[in-house]
Amino acid sequence: MTIRSFHPPQRILMGPGPSDVSPRVLAALARPTLGHLDPVFVPMMDEVKALLQATFLTANDLTMPVSAPGSAGMETCFVNLVEPGDTVVVCQNGVFGGRMKENVERCGGTAVMVQDEWGRAVDPQKLEEALKAHPEATIVAFVQAETSTGALSDAQTLVGIAHAHGCLAIVDAVTSLGGVPVRVDEWGIDAIYSGTQKCLSCTPGLSPVSLNTAAREKVTDRKSKVQSWFLDLSLVMGYWGGATKRAYHHTAPINALYGLHEALVVVQEEGLEAAWARHRTNHLALRAGLEALGLRFVVAEADRLPQLNAVSIPDGVDDAAVRGLLLSDYGLEIGAGLGAMAGKIWRIGLMGHGSNPRNVRYCLAALEDVLGRLKAPVARGVALDAANAVLAGA
Ligand SMILES: Cc1ncc(COP(=O)(O)O)c(C=O)c1O
């Protein structure tokens, strides 16, 4: 067998991530590879740091992309901040809170779980009660934007409660960064991680993280070594730190960093506020169309993420058949349900570069056609008008 070059088909990615990568980012990836200590490359790393600080709205010096996907950003925060014997309150309202629990336990900590119904925001009152019941807790962790359900939690309030009880707050902003407000310094977030493949419209595989002084001190004061050599921030910062001299830690993913640089320049050119407003407008247009079709949202209106629209699959409709036809006939990917939501919901992403009126209209037209062909109980001929009415008023 002769194996030939791989040429992927052109898709429209409207699932929970990866989202469509901006052509500017794809072009940046193809630029010549430099050495990771090249005198031209190092200043670009400083720009990546500065652009990340601007995107996280933070002055934290310890702000950089981990050379691995969002899961590694999560692990970076937990392995550095959690020591054996620590108690961590983890708020769970979907799949990713469950991964935080795994991380705490693998670090030798005890996870106190605060459970909320999937599809709802984290309840601040429940966090307050858990912290009263566990005065030994030193860290609170939660997911700001639960990708498995499309629910947005109030990060500012949750961080405030954590601090009132003397805890540091670890925040998962994988799906939130670039799509909804994430104000690291104003909200006092101690440690935060994100991903490049959602609202930043970069390729998957990097994880921006940022730690404030309090979190840094907890890392410096550790009694035990961080059990992961690769993710140990005291070592990684020898390469990413602001010092004049950079030491080899690992071979940085050079071209991926060009991509991230370009993605962050795109965000900066548009402006964060404008990007958040765009995500909201396109969400409202998609929502109008989906509801006109007869589909129901999973998350209550006040807690909905604009970049991830979770709708219930109508009774009797074949989940896999719908997604299969969207992919084969329209080149359109929407997301299936994850974990407890598998087979029950679809997750339609409008993230970053992909959050635009064309994708809203394309997705509605494709869904209407496919659902109609499968004899699903949907209204015909009204979805696009509903979306257009919103877009016309925007
Ligand atoms: C909220 C959240 N946290 C963490 C992750 C893990 O990121 P990655 O898949 O890039 O490792 C994801 C991925 O979808 C996510 O949505």
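Every residue gets a number counted from 1 within its own chain, in the order that chain's sequence is written. Local features in this predicted model are restricted to residues of pLDDT 70 or higher, and side-chain atom pairs are both shown and tallied only at a pLDDT of 80 or more, whereas totals for entire chains, interfaces and linings draw on every residue. Hydrogens are left out, water is left out, and the side-chain values use all remaining heavy atoms of the structure.

Colleague: Help me understand the overall build of the protein in this model?
Modeller: Each helix corresponds to a stretch of at least 4 residues labelled H or I by DSSP, and each strand to a stretch of at least 2 residues labelled E; elements are numbered beginning at the N terminus. Scanning the protein from terminus to terminus reveals 14 helices and 13 strands. In this description the radius of gyration comes from C-alpha coordinates, and the expected globular size is given by 2.2 Å times residues to the power 0.38. On C-alpha atoms alone, the protein measures out to a radius of gyration of 21 Å, which is about the 21 Å that the 2.2 N^0.38 rule sets for 394 residues. With respect to the three principal axes, the spread of C-alpha positions in the protein is 65 × 55 × 50 Å. Put simply, the protein has 394 residues, and 56% of those count as buried. Excluding contacts between residues fewer than 6 apart, the proportion of contacts in the protein whose partners are at least 24 apart in sequence is 72%. This count recognises Lys and Arg as positive and Asp and Glu as negative, with His and chain-terminal groups excluded. The atoms used to mark charge sites are NZ of Lys, CZ of Arg, CG of Asp and CD of Glu. Separation of charge centres in the protein, based on 33 positive and 40 negative side chains, amounts to 5 Å. Relative accessibility under 20% of the residue-type maximum defines a buried residue, over 50% an exposed one, and the middle range a partly exposed one, all with a 1.4 Å probe and only protein chains included. By definition in these notes, contact holds between two residues if any of their heavy atoms fall within 4.5 Å.

Colleague: Honestly, the pattern of salt bridges in this entry has me stumped. Any pointers?
Modeller: For side chains of opposite charge, pairing can occur when their charged atoms come near one another. Salt bridges, as used here, are contacts in which a Lys or Arg side-chain nitrogen is within 4 Å of a carboxyl oxygen on Asp or Glu. Applying the stated criterion to the full structure yields 20 salt bridges. A salt bridge links R106 to E102; the nearest nitrogen and oxygen atoms lie 2.7 Å apart. Of this pair, R106 and E102 both sit in helix 4 (residues 95-106), separated by 4 residues, roughly a single helical turn. Residue classification places R106 among the exposed positions, given a relative accessible area of 67%. Assessed through its relative accessible area of 39%, E102 is described here as partly exposed.

Colleague: Can you help me understand the pairing of strand 12 (residues 332-336) in this one?
Modeller: In regular strands, side chains alternate between the two faces of the sheet. In the sheet, strand 1 (residues 12-14) pairs with strand 12 via 3 bridges, with the strands oriented parallel. Within strand 12, the position partnered with L13 by the bridge is E333. In this structure, strand 12 lies alongside strand 13 (residues 345-349), joined through 2 bridges in antiparallel fashion. Pairing of A336 across the sheet is with W346, part of strand 13. Following DSSP output, two strands are said to pair if at least two bridges run between them.

Colleague: Which parts of the structure should I look at to understand the environment of C202?
Modeller: Looking at where C202 falls in the secondary structure, it is placed in the loop between strand 9 (191-193) and strand 10 (207-211). Looking at C202, the relative accessible area reads 0%, which means it is buried. Once the C-alpha coordinates of C202 and R24 are considered, the two residues, 178 residues apart in sequence, prove to be 9.6 Å apart. With residues up to four places along the chain from it excluded, the contact list for C202 reads V21, V25, T196, Q197, G259, L260 and A263.

Colleague: I keep staring at the environment of C167 and nothing clicks. Help me out?
Modeller: By the element assignment, C167 lies in the loop between helix 6 (155-164) and strand 8 (168-172). Assessed through its relative accessible area of 2%, C167 is described here as buried. Taking the C-alpha atoms as reference points, C167 and D61, 106 residues apart in sequence, are found 21 Å from one another. When near neighbours in sequence (up to four residues on either side) are disregarded, C167 contacts L131, A137, T138, I139, V140, A162 and D190.

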